[in-house]
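A look at the structure
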Amino acid sequence: MKKFLLAIALLSSAIFAQPEDSDYSYWPRSYFASIGFGVIANRGDFFERSIKVQEDGITETINLPLTKVLMSPDYSLGVNIREFSIAATFQYWSMNVDINGLPETMKEQQMRFWRLGAEFTYNFFYPEFFQAGVGLGYSFSSVKLKNNATSVEKGFANSELMGSAIALIGNVRYFITDYFALNPSMRVYETWYKAVNTNNAGTKDLKSYIWQTYIAISISAMVQF
């Protein structure tokens, strides 16, 4: 995580601090910020398995969410260099979801989901008012759940899954003015959760990753300056 944030900081410094007399000075640059909301469909290991971790002779079963449709706001901040765009993105949301393997009276619990990433896109038809973009992204994500970790000795506990994802990105920018655009997009995140934390066992690396695919469709309002 620290290396990822450092890489973003170094890349941003190189772009934002480019001297005017450099070889890149003839490449038009602009900056943008956007906020939107998306619907996320997901499928994968969450619906097919649970996780078991051991600490001090105690075996804890981590039950996973069954909800196949999530929602989340989308935030981004980035730079356009001619037809190329580089952005830092963030998603955060909490909602009640159904948890597999819990007693019926406790089946619904709160889930907190967040994702922090970097994206690179190429915008076709630049600099027209209508642009179509394709790109790639990389992100870190976390899913925190309440009362979904169970053991005979300790009862119920909270857990957090942590992992990374590669994203395929497709989007459209429709500029209503020179400074304001609507930005519908679709992202496919192939996510692997490689560590889990519980109140009782602490943080454990998973021997077998939890794989989950997220398909996010969102629409954002973008300001360019």
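Figured I'd write up the structure that's included with this text.

Conventions we followed
Residues numbered from 1 in each chain as written. Predicted model: local features only at pLDDT ≥ 70, side-chain atom pairs only at ≥ 80, totals over all residues. Heavy atoms only, no water. Phe/Tyr/Trp six-rings, centres within 6.5 Å; stacked < 30°, edge-to-face > 60°. Helix = DSSP H or I, 4+ residues; strand = E, 2+ residues; numbered from the N terminus. Buried < 20%, exposed > 50% of the residue type's maximum accessible area, 1.4 Å probe, protein only. Lys NZ or Arg CZ within 6 Å of the ring centre and 35° of its normal. 1 Å grid on protein atoms, 1.4 Å probe; cavity = no way out; pocket = protein on both sides within 12 Å on 5 of 7 lines; lining within 4 Å. Points joined across faces, edges and corners; volume = space filled by probe spheres on them. Nonpolar A, V, L, I, M, F, W, Y, C, P; charged D, E, K, R; others polar. Salt bridge = Lys/Arg side-chain N within 4 Å of Asp/Glu carboxyl O.

Considerations on the packing of aromatic side chains
Within the structure shown, the criterion is met by 13 aromatic pairs. Between F46 and Y193 the ring centres are 5.6 Å apart and the planes differ by 20 degrees, which places this aromatic pair in the stacked class. Of the two residues, F46 sits in the loop between β1 (29-44) and β2 (51-55) while Y193 sits in strand β9 (residues 180-198), which places them 147 residues apart along the sequence. By relative accessible area, F46 is classed as buried at 3%. On the basis of relative accessibility, which here comes to 0%, the residue Y193 falls in the buried class. Considering the side-chain rings of F113 and Y214, the 5.9 Å spacing of their centres and the 40 degrees angle between planes classify their relative orientation as tilted. In this pair, F113 sits in strand β6 (residues 108-124) while Y214 sits in strand β10 (residues 202-224), placing the two residues 101 residues apart along the sequence. Classification of F113 as buried rests on a relative accessible area of 3%. Judged by relative accessible area, Y214 falls into the buried class, the value being 1%. One aromatic cluster in this structure is built from W27, F84, F120, Y122 and F124. In this arrangement the basic side chain of R82 is found over the ring face of W27, its NZ or CZ atom lying 5.5 Å from the centre.

Quick look at the layout of surface pockets
Quantified by volume, the largest pocket comes out at close to 220 Å³. What lines the largest pocket is a set of 16 residues, and nearest its centre among them are Y126, P127, Q131, F175 and Q224. Secondary-structure elements contributing two or more residues to the lining of the largest pocket are β1 and β8 (155-175). Considering only residue class, the lining of the largest pocket consists of five nonpolar, six polar and five charged.

Observations regarding the pattern of salt bridges
For the coordinates displayed, the defined rule picks out five salt bridges. A salt bridge links K204 to E55, with the shortest nitrogen-to-oxygen separation between them at 2.4 Å. Of the two residues, K204 sits in strand β10 while E55 sits in strand β2, which places them 149 residues apart along the sequence. We classify K204 as partly exposed; its relative accessible area is 24%. The partly exposed category is assigned to E55, whose relative accessible area is 28%.

Description of empty space enclosed by the protein
Evaluation of the coordinates by the stated rule reveals three cavities of 30 Å³ or more. Considering only enclosed or pocket space, the largest cavity measures out at about 250 Å³ in volume. Considering the residues around the largest cavity, the lining is formed by 23 residues, among which S76, T89, E119, N183 and R187 are closest to the centre. Those elements giving two or more residues to the lining of the largest cavity turn out to be β1, β4 (69-81), β5 (84-98), β6, β8, β9 and β10. Broken down by element, the residue count for the lining of the largest cavity peaks at six residues, all from β5. Approximately 60 Å³ is the volume found for the second largest cavity. When the residues that make up the lining of the second largest cavity are grouped by side-chain class, the tally is eight nonpolar, two polar and no charged.

Quick look at unusual backbone geometry
A cis amide bond, omega 5 degrees, links Y126 with the succeeding residue P127. Summarising the element assignment, P127 is placed in the loop between β6 and β7 (130-151). The phi angle at D56 is positive, at roughly 55 degrees, despite the residue not being glycine. Looking at the secondary structure, you find D56 in the loop between β2 and β3 (58-62). We note that N147 has phi near 55 degrees; this positive angle belongs to a residue other than glycine. Within the fold, N147 resides in strand β7. Looking at N147, the relative accessible area reads 26%, which means it is partly exposed.

Don't take any of this as a statement about function, it's just geometry.
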